[in-house]
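Tertiary structure, described
If you want the building blocks of each chain, they are given just below.
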Amino acid sequence: MNQQKNTYYIDIGSGEISRSSTDSPWNYKIEATDEEITRLRQIFDANYDVEVEGFLRAHIPIVEYHHDKPNDDYDKHMIEVYQMIYDLGDEEAKQHIDKIGILEDFTSE
């Protein structure tokens, strides 16, 4: 069954997903099905939970960033977000993600 894709506007910083390009600032324009948007929302929500965990952990100064599971989880989720935006995004989104190199950096580790 081929589901209809709709246009969405994504703000990476806030994790906002909007159908309107004028209601709030956005970074990327994508075309996605309801299921794809649900998955993207789940990743953003998981990152919010990780941010809270990381904030609480931040009060333990002895743990370094690269040895901190909440930071690792946050980074993993952000790569998933950028990969989905790359896969679903318009040409401008793809070019910007290529330019910042975030997916290349992750896959070359």
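Here, the structure is the one placed above.
Residues numbered from 1 in each chain as written. Predicted model: local features only at pLDDT ≥ 70, side-chain atom pairs only at ≥ 80, totals over all residues. Heavy atoms only, no water.

1. Focus on the nonpolar core
Selection rule: In this description, a nonpolar core means a group of buried Ala, Val, Leu, Ile, Met, Phe, Trp, Tyr and Cys residues linked to one another through side-chain atoms lying within 4.5 Å. Per-residue accessibility, obtained with a 1.4 Å probe over protein chains only, is compared with the maximum for each type, and a residue is labelled buried under 20%, exposed over 50%, and partly exposed between these values. Helix numbering and strand numbering both begin at the N terminus, where a helix is a DSSP run of H or I of at least 4 residues and a strand a DSSP run of E of at least 2. Two residues form a contact once any of their heavy atoms are found within 4.5 Å.
Grouped together as the largest cluster of nonpolar side chains are 21 residues, with contacts concentrated most on Ile 10, Ile 12, Tyr 28, Ile 30, Leu 40 and Ile 85. When contributions to this core are tallied by element, the ones reaching two or more residues are strand S1 (6–11), strand S3 (28–32), helix H1 (34–57), helix H2 (69–88) and helix H3 (91–100). The dominant element in this core, judged by the number of residues it contributes, is H2, at seven residues. Residue contacts for Tyr 28: discarding those within four places in its chain leaves Tyr 8, Tyr 9, Ile 10, Ile 12, Tyr 82, Ile 85, Ala 93, His 96, Ile 97 and Ile 100.

2. What to know about the sheet that holds S1
What counts is decided by this rule: Between any two strands, pairing holds if DSSP finds at least two bridges. Here an axis means a line fitted to C-alpha atoms, over the contact stretch when the element is a helix, while the angle between two N-to-C directions is reported on a 0 to 180 degree scale.
Here we have three strands laid out as an open sheet, ordered S2-S1-S3, and antiparallel in their pairing. Looking along the sheet, the strands with just one partner apiece sit at the ends: strand S2 (16–18) and S3. Each adjacent strand pair in this sheet contributes to an overall mean axis angle of 30°, direction not counted. Here S1 pairs with S3 via five bridges, running antiparallel. Across the sheet, Asn 6 pairs through a bridge with Ala 32, a residue of S3.

3. So, the pattern of salt bridges
Short version of the rule: The rule for a salt bridge is simple: a side-chain nitrogen of Lys or Arg has to be within 4 Å of a carboxyl oxygen of Asp or Glu.
One pass over the structure, following the stated rule, counts four salt bridges. Note that Lys 5 is salt-bridged to Glu 36, the shortest N-O span being 3.5 Å. Placement of the pair is Lys 5 in the segment before S1 and Glu 36 in helix H1, with a sequence separation of 31 residues. One salt bridge in this structure joins Arg 41 and Asp 45, with 3.4 Å as the shortest N-O distance. Pair noted here: Arg 41 and Asp 45 are both in helix H1, with a separation of four residues, about one helical turn. Owing to a relative accessible area of 30%, Arg 41 belongs among the partly exposed residues under this scheme. Judged by relative accessible area, which is 38%, Asp 45 ranks as partly exposed. A single salt-bridge network, built from bridges that share partners, covers Arg 39, Lys 76 and Glu 80.

4. A few points about the environment of Ala 46
Turning to its location among the elements, Ala 46 is positioned in helix H1. For the pair formed by Ala 46 and Tyr 74, sequence separation is 28 residues and the distance between their alpha carbons is 8.3 Å.

5. Details of the packing of aromatic side chains
Note the threshold: Only Phe, Tyr and Trp rings take part, Trp by its six-membered ring, and two of them pair if their centres are within 6.5 Å. Stacked means planes under 30 degrees apart, edge-to-face means over 60, and tilted covers everything else. A ring is scored as having a charge over it whenever the NZ atom of a lysine or the CZ atom of an arginine sits within 6 Å of its centre and within 35 degrees of its normal.
Counting across every chain of the model gives two aromatic pairs. Centre to centre, the rings of Tyr 28 and Tyr 82 are 6.1 Å apart; their planes meet at 85°, and the pair counts as edge-to-face. Placement of the pair is Tyr 28 in strand S3 and Tyr 82 in helix H2, with a sequence separation of 54 residues. Of the residues examined, Tyr 28 reaches a relative accessible area of 4% and is grouped as buried. Given a relative accessible area of 12%, Tyr 82 falls into the buried group. Between Arg 19 and the ring centre of Tyr 8, over which it is positioned, the NZ or CZ distance is 5.4 Å. A cation sits over an aromatic face here: Lys 94 above Tyr 86, 5.2 Å from the ring centre.

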